[in-house]
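Listed below, chain by chain, are the residues.
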Amino acid sequence: MKQTGDLNLVKKINKSIVLHHIRTDSPISRARIAEITGLTKATVSSLVNELIESSLVDEIGVGESSGGRKPMMLLFNGTAGYAIGVDLGVHDILAVLTDLTGKVVREKRVNHDNPSAQEVIDLLKATIRDLINGAPESVYGIIGIGIGVPGICDEDGTLLFAPNLEWENVPLQKYMEETFHIPVVIDNEANAGAVGEKQFGAGRETANLVYVSIGIGIGAGIIIKGELYRGATGFSGEIGHISIQHDGPKCRCGSLGCWELYASEHALLERARQEFGSSITLEMLLRKAEAGDAAIIALFERLGYFLGVGVVNIINSYNPEFVILGGRLAGAEKWLMKPLLQLLEKRSLPHPRKLLNVAFSELSDRSTVLGAASFAVTKFFASTTVSVEHN
Ligand SMILES: [Zn+2]
């Protein structure tokens with residue numbers, strides 16, 4: 001690389017650092033940024049001017065000063081562009097339009113009964129198009145789309161295997177980029193959920209957390225030292241398929257006695273349908289439990305026990321500070337939590353359990369969409385602020 005290229009790279013990295021502080025600590029003054037970063041005031045000023053020119057930063061009001069001229073404060077301009085975040089579920093699609101700070105501007109949910117991959121992809125495109133058409137005017141427009149999927153995918157955004165959707169080798173990122181001509185990020189829904197919780201939810205103050213997504217299946221997103229842990233080849237977190245009964249029933253993954261056969265929403269409904277008829281839904285179970293139906297409450301308590309069995313394994317494996325449970329079962333927290341905590345008390349090793357917090361998500365079912373939108377925003381800033389220009 002030529003020397004000008006190196007200097008250019010240094011400048012871009014510095015600009016990215018300055019923007020990072022304005023995004024996370026605004027309102028902030030130029031002097032304060034210089035103080036935190038160790039860059040000279042002249043460098044900070046010149047980079048800030050470029051950021052103001054590119055509409056990513058605004059100057060507002062006046063800040064506190066210890067004397068002399070009061071400094072202008074800098075504010076991140078979150079509405080310079082918008083991102084789309086999607087949670088592609090086995091029975092529904094939840095999609096949001098957020099600004100660059102993750103604030104939800106619009107939301108759309110559609111149900112589907114998974115007729116075929118092609119039909120679900122068409123529905124996905126229609127849902128995204130609807131949000132794009134309703135987006136406010138902005139300098140950068142829609143900067144990207146993030147999609148959380150219930151399966152494993154490769155780095156090219158091909159959904160390799162989604163057992164509960166019964167999809168294999170679907171090049172979802174390619175399809176979406178060909179349709180919308182904007183950058184698309186595809187990731188596992190539990191990974192997106194973990195990032196959503198870390199940035200916007202219960203995990204904001206936590207560097208080591210495991211987010212457990214309980215839906216039709218069970219997946220986990222693992223955050224270690226503030227970063228998503230993806231494993232050697234990107235397939236970490238398939239925690240619904242840890243075997244909790246060595247000779248148990250056969251799972252769709254090919255193994256036996258997997259955790260999600262006992263502790264998922266699907267497992268709860270299967271059991272409930274055996275006892276109370278095939279038309280029962282989670283909403284009906286929640287209503288009946290709320291009305292004091294002892295048999296239904298017992299079903300939830302049994303589920304809480306099985307959730308605990310898997311969470312013990314997570315605690316003993318990862319020693320997290322926080323285990324956050326997400327998904328629609330959060331609505332059953334008051335019946336699930338007690339048996340779950342009792343089991344942890346009895347079975348997890350005492351040292352990893354110290355300081356541990358276990359809670360249901362504060363974001364309701366938005367962990368994954370917010371994390372997915374944040375993947376798109378991260379990709380946008382990576383490309384606009386630190387890319388190397390060859391000149
Ligand atoms: Zn399995």
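As recorded in an unreviewed UniProt entry, the chain goes by Xylose repressor and comes from Paenibacillus marchantiophytorum. Among the UniProt annotations of the chain, the heading Function (unreviewed entry) holds the following wording: "Transcriptional repressor of xylose-utilizing enzymes." According to the UniProt record, the Sequence similarities (unreviewed entry) comment for the chain reads "Belongs to the ROK (NagC/XylR) family."

Undergrad: Summarise the coordination of the zinc ion; cite the residues concerned and give the values.
TA: Protein coordination at the zinc ion: the donors are H241 (ND1), C251 (SG), C253 (SG) and C258 (SG), at 2.0 to 2.3 Å from the metal. One way to put it: the 4 donor atoms around the zinc ion meet at angles of 103 to 121 degrees, and that makes the site tetrahedral. Mapping the donors of the zinc ion onto the primary sequence gives the spacing H-x9-C-x1-C-x4-C. Owing to a relative accessible area of 33%, C253 belongs among the partly exposed residues under this scheme.

Undergrad: Which residues make up the environment of G257, and what values do they have?
TA: Mapped onto the fold, G257 is located in the loop between β14 (227-229) and α7 (260-263). Residue classification places G257 among the buried residues on the basis of a relative accessible area of 0%. A sequence separation of 10 residues divides G257 from D247, and the C-alpha atoms of the two residues are 6.3 Å apart. Those residues in contact with G257 that lie beyond four places of it in its chain are I242, S243, I244, Q245, G248, P249 and Y262.

Undergrad: Which residues make up the UniProt feature "domain: HTH marR-type" (unreviewed entry) in the chain, and what are the values?
TA: Within this numbering scheme, the UniProt entry marks residues 16-58 as carrying the feature "domain: HTH marR-type" (unreviewed entry). Here residues 16-58 runs as 72% helix and 9% strand, with 16 Å between its end C-alpha atoms.

Undergrad: Go over the domain arrangement of the chain with me, naming the residues and quoting the values.
TA: Entries for the chain in the domain assignment read domain 1 (3-76), domain 2 (81-192 + 368-384) and domain 3 (202-362). Between the C-alpha centres of domain 1 and domain 3 the distance comes to 44 Å.

Undergrad: Outline the pairing of strand β11 (residues 184-188), listing residues and values.
TA: Burial analysis of β11 places 5 of its 5 residues in the buried class, the great majority of the element. Two strands pair when backbone bridges link them, and strand β7 (residues 142-149) and β11 are joined in this way by 5 bridges, in the parallel orientation. Across the sheet, the residue bridging to G148 is D187, located in β11.

Undergrad: Please provide a residue-by-residue account of the sheet that holds strand β16 (residues 357-360), values included.
TA: Strands sit in the order β14-β13-β12-β15-β16 across an open sheet of 5 strands; the sheet is mixed. At either margin of the open sheet sits one strand with a lone partner, and together these are β14 and β16. Pairwise comparison of adjacent strand axes, ignoring direction, gives a mean angle of 25 degrees for this sheet. Two strands pair when backbone bridges link them, and strand β13 (residues 218-224) and β14 are joined in this way by 3 bridges, in the antiparallel orientation. Opposite I222, over in β14, you have Y229 as the bridge partner.

Undergrad: Provide a residue-level description of the packing of aromatic side chains, including the pertinent values.
TA: For the coordinates displayed, the defined rule picks out 6 aromatic pairs. An angle of 45 degrees between the planes, with centres 5.3 Å apart, marks the rings of Y262 and F306 as tilted. Within this pair, whereas Y262 is found in helix α7, its partner F306 is found in helix α10 (residues 294-318), the two being separated by 44 residues in sequence. Arranged with centres 5.5 Å apart and planes meeting at 20 degrees, the rings of F300 and W335 form a pair that is stacked. In this pair, F300 is assigned in helix α10 and W335 in helix α11 (residues 333-347), connecting sequence segments 35 residues apart. Overall, the relative accessible area of 1% leaves F300 in the buried class. Members of the aromatic cluster, each reached through a chain of ring pairs, are F76, Y140, F380 and F381. Of note, R23 hangs over the ring of F76, and the distance from its end group to the ring centre comes to 5.7 Å.

Undergrad: Let's hear about the pattern of salt bridges: which residues, and what values?
TA: Evaluated as defined, the whole model comprises 16 salt bridges. With a closest N to O distance of 3.1 Å, D92 and R109 form a salt bridge. Separated by 17 residues along the polypeptide, D92 in strand β5 (residues 92-99) and R109 in strand β6 (residues 104-111) bring together distant segments of the chain. K334 is paired through a salt bridge with E290; the nearest N and O atoms lie 2.8 Å apart. Placement of the pair is K334 in helix α11 and E290 in helix α9 (residues 282-290), with a sequence separation of 44 residues. Accessibility expressed as a relative area gives 55% for K334, which makes it exposed. Several salt bridges converge on common partners, so that one network encompasses K11, K15 and E50.

Undergrad: Any details on a nonpolar patch on the surface? Residues and values, ideally.
TA: A cluster of nonpolar side chains, I224, Y229 and Y318, forms an exposed patch at the surface whose accessible area comes to about 260 Å². With respect to the secondary-structure elements, Y229 resides in strand β14. Of the residues examined, Y229 reaches a relative accessible area of 39% and is grouped as partly exposed.

Undergrad: An account of the nonpolar core is needed here, citing residue identities and associated values.
TA: Membership of the largest hydrophobic core comes to 42 residues, with the highest contact counts inside it found for V212, W259, L285, F300, V323 and L325. Considering each element in turn, this core owes the most residues, 12 residues, to α10. The next biggest cluster of nonpolar side chains, apart from the first, holds 30 residues, and it includes V90, L124, L159 and L165.

Basis of the calculations
Residues numbered from 1 in each chain as written. Predicted model: local features only at pLDDT ≥ 70, side-chain atom pairs only at ≥ 80, totals over all residues. Heavy atoms only, no water. UniProt positions renumbered as here; feature names shortened; annotations may be inferred. Donors = N, O, S within 2.8 Å, 3.2 Å for Na, K, Ca; no water. Tetrahedral: all angles 85-135°; square planar, octahedral: opposite > 155°, others 65-115°. Buried < 20%, exposed > 50% of the residue type's maximum accessible area, 1.4 Å probe, protein only. Helix = DSSP H or I, 4+ residues; strand = E, 2+ residues; numbered from the N terminus. Contact = heavy atoms within 4.5 Å. Domains from an automatic or database assignment. Pairing = 2+ DSSP bridges. Axes fitted to C-alpha atoms, helices over the stretch in contact; angles between N-to-C directions. Phe/Tyr/Trp six-rings, centres within 6.5 Å; stacked < 30°, edge-to-face > 60°. Lys NZ or Arg CZ within 6 Å of the ring centre and 35° of its normal. Salt bridge = Lys/Arg side-chain N within 4 Å of Asp/Glu carboxyl O. Patch = residues over 30% accessible without salt bridge, like charges linked within 9 Å, V, L, I, M, F, W, Y side chains within 5 Å. Areas by Shrake-Rupley, 256 points an atom, 1.4 Å probe, with all protein chains shown as cover. Core = buried A, V, L, I, M, F, W, Y, C linked by side-chain atoms within 4.5 Å.

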